[in-house]
Amino acid sequence: MADTTTHTAHFNRARSAEESPVKRFFRATEIDTRLLGMVGAMLIIWIGFHLLSGGLFLTARNLWNLSVQTASIAVMATGMVLVIVTRNIDLSVGSILGFVGMIMGVLQAELLPQFLGFNHPATWIITLLAGLLLGAGIGALHGVIIAFLNVPSFIVTLGGLLVWRGATWFVTSGRTVAPMDSTFRLMGGGTEGSIGATASWIVGLIACIAIVASIIHSRKQRKRFGFPRRPIWAEYFLSAVGCALVLGAVAVANYYPWPTNIARKYADANGIVWPEGGLFIAHGIAIPVLIAILIGIIMTFIATRLRFGRYVFALGGNPEAAELAGIKTRWVTVRIFALMGMLCAVAAAISTARLNAATNAQGELDELYTIAAAVIGGTSLAGGMGTIAGAMLGALVMQSLQSGMVLLGIDSPLQRIVVGMVLVTAVWLDTVYRARAK
């Protein structure tokens, strides 16, 4: 055993001596080069749009709005990863979002006020729970048809796209429902839907502590089970980079102030003397962004730490082998689609709260952006491979493209052409990557 360990150590040192400094760096830090490439592409997109827009893109205001606009797609993209990993697809997510959003809108704007009155403290809770149950039920229905009736997921969810979009119209006969409950609206962001500067710094510091603690825990676990550990300098480097990114994001969020009129009303209501240069009140991190990050953490835990997550990737890697290993693959499929439905409900809550209304057009083409975010984030359409973090980053890339094109005044049809081209290119790059990996 000792001879084997010594031989392995000599082999690793010999391999390190032959590698270039760049390869040694990436091997030591274990950074996903594919994810890093996507970050580089996003930075190029940001800088390009910043130059073309005359310096409007990389501003605190636009980046804050970009984060809020990304939240709903990022939430659904985390579930789409598991769907695609199992070699399925869900084309109905946008329609489910619209239907569940309309039901939640009717509940809080028309039905519950008859019994509880407007802006009752329980209204938003009842509305959100009803939306989650409805979304899970719709997703489970799709999953049952796919798993037990053996209808391809493409057909089932394509049918769902049409059915739930039509059902959205029939709920109110095409009427827009507004306004939403005041507490429910906080999930949409805005001036009131942000946590402010102090709370944002606290969240940032907690996130930094969590990053460092995670790296330390990972190192202890590797030592415990005899796995290779990263060099100490690599651990310090990853901790520093992670904390710098978190604190940088918090600084940007805190640099975006409340609009002057709203700040003046706040000062008058609280007896604050209006200073000569105006009152600077920072937005801080938006609540929908926190929701999306929390969902991302939970979904990462499910995918990487729970038995269900292992079953999902086993099913995607080799369905026949997973079945022979005793995994109840049909019920795994049902649970995946039920989970996808619940995530659509969360996205519907964010979207409806941000608009302060439930509309029939809500969620249109969101299935395109959700699937594109997952694929761009590294989820293979061949199944068995994908990451939650990559999908959320892919959602940010997709929303960056859309936001930048809006700033440049590009027409909506051309925006769709660009998004379609990006999706096809991402799938092609995925094919090339898998071919080289083999």
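Now for a description of the structure that goes with this document. Here the structure is a predicted model, which is why all the values come from computation and not from measurement. (Residues numbered from 1 in each chain as written. Predicted model: local features only at pLDDT ≥ 70, side-chain atom pairs only at ≥ 80, totals over all residues. Heavy atoms only, no water.)

**What about the overall build of the protein?**
Thinking step 1. When helices and strands are counted, the protein shows 18 helices and 0 strands.
Thinking step 2. For the protein, whose C-alpha radius of gyration is 24 Å, the value lies close to the compact-globule estimate of 22 Å for 438 residues.
Thinking step 3. Overall, the C-alpha framework of the protein stretches about 75 × 65 × 45 Å when taken along its three principal axes.
Thinking step 4. When each of the 438 residues of the protein is scored for burial, the buried share is 44%.
Thinking step 5. Considering only residue pairs separated by 6 or more positions, the protein has 79% of its internal contacts joining residues 24 or more positions apart.
Thinking step 6. Accessible surface, the protein as shown: approximately 22,400 Å² in total, 67% of it carbon and sulfur.
Thinking step 7. Seen as two clouds, the 31 positive and the 19 negative side-chain charges of the protein have centres 9 Å apart. (Helix = DSSP H or I, 4+ residues; strand = E, 2+ residues; numbered from the N terminus. Rg over C-alpha atoms; globule rule 2.2 N^0.38 Å. Buried < 20%, exposed > 50% of the residue type's maximum accessible area, 1.4 Å probe, protein only. Contact = heavy atoms within 4.5 Å. Areas by Shrake-Rupley, 256 points an atom, 1.4 Å probe, with all protein chains shown as cover. Lys, Arg positive; Asp, Glu negative; His and termini not counted. Charge placed at Lys NZ, Arg CZ, Asp CG, Glu CD.)

**Some points on the packing of aromatic side chains**
Where two aromatic rings form a pair, the distance of their centres and the angle of their planes describe that pair.
Thinking step 1. For the structure shown, the criterion picks out 11 aromatic pairs.
Thinking step 2. Ring plane angle 25° and centroid distance 6.0 Å describe the contact between phenylalanine 25 and tryptophan 233, whose orientation is recorded as stacked. Linking phenylalanine 25 in helix α2 (residues 21–29) with tryptophan 233 in helix α10 (residues 232–254), this pair joins segments that are 208 residues apart in sequence.
Thinking step 3. For phenylalanine 25, a relative accessible area of 26% gives the class partly exposed. (Phe/Tyr/Trp six-rings, centres within 6.5 Å; stacked < 30°, edge-to-face > 60°.)

**Quick look at the side chain of glutamine 108**
Thinking step 1. One can find glutamine 108 in helix α5 (residues 93–111).
Thinking step 2. Within polar-contact distance, the side chain of glutamine 108 engages the backbone nitrogen of aspartate 181 at 2.9 Å.
Thinking step 3. Leave out the neighbours within four places in its chain, and glutamine 108 touches Pro113, Thr123, Thr127, Met180, Asp181 and Phe184. (Polar contact = N/O pair within 3.5 Å; in protein donor to acceptor, adjacent residues only side chain to side chain.)

**Comments concerning unusual backbone geometry**
Thinking step 1. That bond from alanine 178 to proline 179 is cis: its omega, -5°, falls within 30 degrees of zero.
Thinking step 2. Along the chain, proline 179 falls in the loop between α8 (153–172) and α9 (196–225).
Thinking step 3. Positive phi, normally seen in glycine, also occurs at asparagine 150, with a value near 60°.
Thinking step 4. Looking at where asparagine 150 falls in the secondary structure, it is placed in the loop between α7 (123–148) and α8.

**Some words on the side chain of serine 403**
Thinking step 1. Looking at the element boundaries, serine 403 is found in helix α17 (residues 388–407).
Thinking step 2. Sequence-distant contacts of serine 403, that is, excluding residues within four places in its chain, are made with Phe57, Asn62, Leu66 and Gln69.

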